[in-house]
Amino acid sequence: MSRRVLNHHLQFVLSISSILLLFSSCSYKQDQVLFEGNTQTTASISPATIYRIKPQDILQVRNLQNVKYIVDDAPSNSSSSPSAANADNQTYQVEEDSTVGLPVLGNVKIAGLTRYEAEKKIAYLYGKTLLKDPVIQVKILNLKVTLMGEVKTPGNYPLLKDKTTLTEVLGEAGGLTSKADEKNIKIIRGPQENPQVTEIDLGKLNSLSNPACILQNQDIIYVSESRHAVKNEKLQNLSNIAQPALTLLNTVLIIFTLSK
């Protein structure tokens, strides 16, 4: 095999490697700009407000003084009495007329109230008609946020209490991965056509006092990959691409040596 042919093979190998590297870089870039499209990035997005109950919300209502029932005069017949587990799973949907149907009380107008206000109203109505000093707990079960990116357990997480914070939800998800950039956490809030985005730096303690860190229903939290992890990933991709090219080059060199 002539030196000219060898050079031709070398140029071919280098060309293929360059093309593969280019496609790898483009693919990575597309992943990185997933949340950098037509969004409005601000220093601080609108702070969370206390959620007010809406029609179609799913509520869990319990009297904490009697975990088996919302009301204390439940039937004594065990065949018709719900178990404590069933009571825990009992839910009530807010109707379009803003009311929720509750045992004994019937339909109670509840839409427009905060969770705390709903608890007080229901406790007052039960205390007035049936129970002695009831302690009512209301949970809104359909509120959620979505975690994406470099978290150990991505997915949807419920907001079962008022003023749930970013760090609380990240803790529920098992924390950040080793590749996460704790200085670049995006909270995406608002309508899909014009969302607001804020970047949170967990490396700064004062960032935790940002009102945006109190999460709202339908928030999306995206944790970016760190630059160090990106660099290592690129080197790994380059190694994976170069390995078959080097193997081919070695094969060509062996053939060339043997043919001399």
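Look above for the structure.
Small disclaimer: the values here were computed from a predicted structure and weren't measured.

What counts and how
Numbering of residues starts from 1 in each chain and follows the order in which that chain's sequence is written. Under the rules for a predicted model, residues below a pLDDT of 70 receive no local features and side-chain atom pairs below 80 are neither given nor counted, while totals for whole chains, interfaces and linings still include all residues. The side-chain quantities take in all heavy atoms of the structure and omit both hydrogens and water. To define a nonpolar core, start from buried Ala, Val, Leu, Ile, Met, Phe, Trp, Tyr and Cys residues and group those joined through side-chain atoms within 4.5 Å. Burial classification: accessible surface area is computed with a 1.4 Å probe over protein chains only, and a residue below 20% of its type maximum counts as buried, one above 50% as exposed, and the rest as partly exposed. A run of H or I in DSSP becomes a helix once it reaches four residues, and a run of E becomes a strand once it reaches two; helices and strands are each numbered from the N terminus. Pairs of residues are marked as contacts when any of their non-hydrogen atoms sit within 4.5 Å. A 1.4 Å probe that fits but cannot get out identifies a cavity on a 1 Å grid over protein atoms alone, an open set with protein on both sides within 12 Å along at least five of seven lines counts as a pocket, and a residue lines either if it has an atom within 4 Å of a point. Grid points are joined across faces, edges and corners, and a volume is the space filled by probe spheres set on the points. Residue classes follow a fixed rule: Ala, Val, Leu, Ile, Met, Phe, Trp, Tyr, Cys and Pro count as nonpolar, while Asp, Glu, Lys and Arg count as charged, and any other residue, Gly among them, counts as polar. Pairing between strands is defined by DSSP: at least two bridges between them are needed. Between the N-to-C directions of two axes lies an angle of 0 to 180 degrees, each axis being a line fitted to C-alpha atoms and, for a helix, fitted only over the stretch in contact. Side-chain atoms alone can form a polar contact between residues adjacent in sequence; in general such a contact is a pair of N or O atoms within 3.5 Å, and within protein one must be able to donate a hydrogen while the other accepts it. One fewer than the residue count of a helix, multiplied by 1.5 Å, yields its expected span. Each direction from the helix axis to a C-beta atom contributes to the arc, which is the arc of those directions.

With 38 residues, the main nonpolar core has Ile110 and Leu166 as its most contacted residues. Counting residues per element, the ones that place at least two in this core are strand S2 (58–63), strand S4 (99–102), helix H3 (115–129), strand S6 (136–140), strand S7 (144–149), helix H4 (166–172), strand S9 (180–189) and strand S11 (220–225). For this core, the element with the most residues is H3, which contributes four residues. Here Ile110 is in contact with Ile53, Leu59, Val94, Ser98, Thr99, Val100, Ala118 and Ile122, once residues within four sequence places are set aside.

Taken as a whole, the largest pocket encloses approximately 270 Å³ of empty space. Together, 18 residues line the largest pocket, and Thr49, Tyr51, Leu215, Gln216 and Asn217 are the ones closest to its centre. A class-by-class count of the residues in the lining of the largest pocket yields nine nonpolar, four polar and five charged.

Another aspect to go through is the sheet that holds strand S3 (residues 92–93). The strands making up a sheet associate through backbone hydrogen bonding, with each pair oriented either parallel or antiparallel. What the three strands build is an open sheet, ordered S3-S2-S6; its pairing is antiparallel. With partners counted over all chains shown, the strands left at the sheet margins are S3 and S6, one partner each. Across two bridges, S2 lies against S3 in antiparallel orientation. Bridging from a neighbouring strand, Ile58 pairs with Gln93 of S3. Of the strands in this sheet, S2 and S6 touch H3, which is tilted by about 140° from S6.

A separate point is the pairing of S9. With eight of 10 residues buried, S9 lies mostly within the body of the structure. Relative to S11, S9 is paired through five bridges, and the arrangement is antiparallel. Bridge pairing in S11 links Ile185 to Val223. Across five bridges, the pairing between S9 and strand S10 (residues 196–200) is antiparallel. Along S10, the bridge assignment pairs Ile187 with Thr198.

Examined against the element boundaries, Asp181 turns out to sit in strand S9. The buried category is assigned to Asp181, whose relative accessible area is 18%. One polar contact links the side chain of Asp181 to the main-chain amide nitrogen of Lys183, over a distance of 3.0 Å. For Asp181, the residues in contact, after removing those within four places along its chain, are Val223, Ser224, Glu225 and Ser226.

Taking 1.5 Å per residue, 15 residues should reach 21 Å; H3 reaches 21 Å between its end C-alpha atoms and fits that length. Listed in full, the buried residues belonging to H3 are Arg115, Ala118, Glu119, Ile122, Ala123 and Tyr126. All buried residues of H3 project into a common sector of 125° when viewed along the axis, lining one side. Within H3, the exposed residues directed more than 90 degrees away from the buried face are Tyr124 and Lys128. Looking at the buried side of H3, the elements it contacts are S2, S4 and S6.

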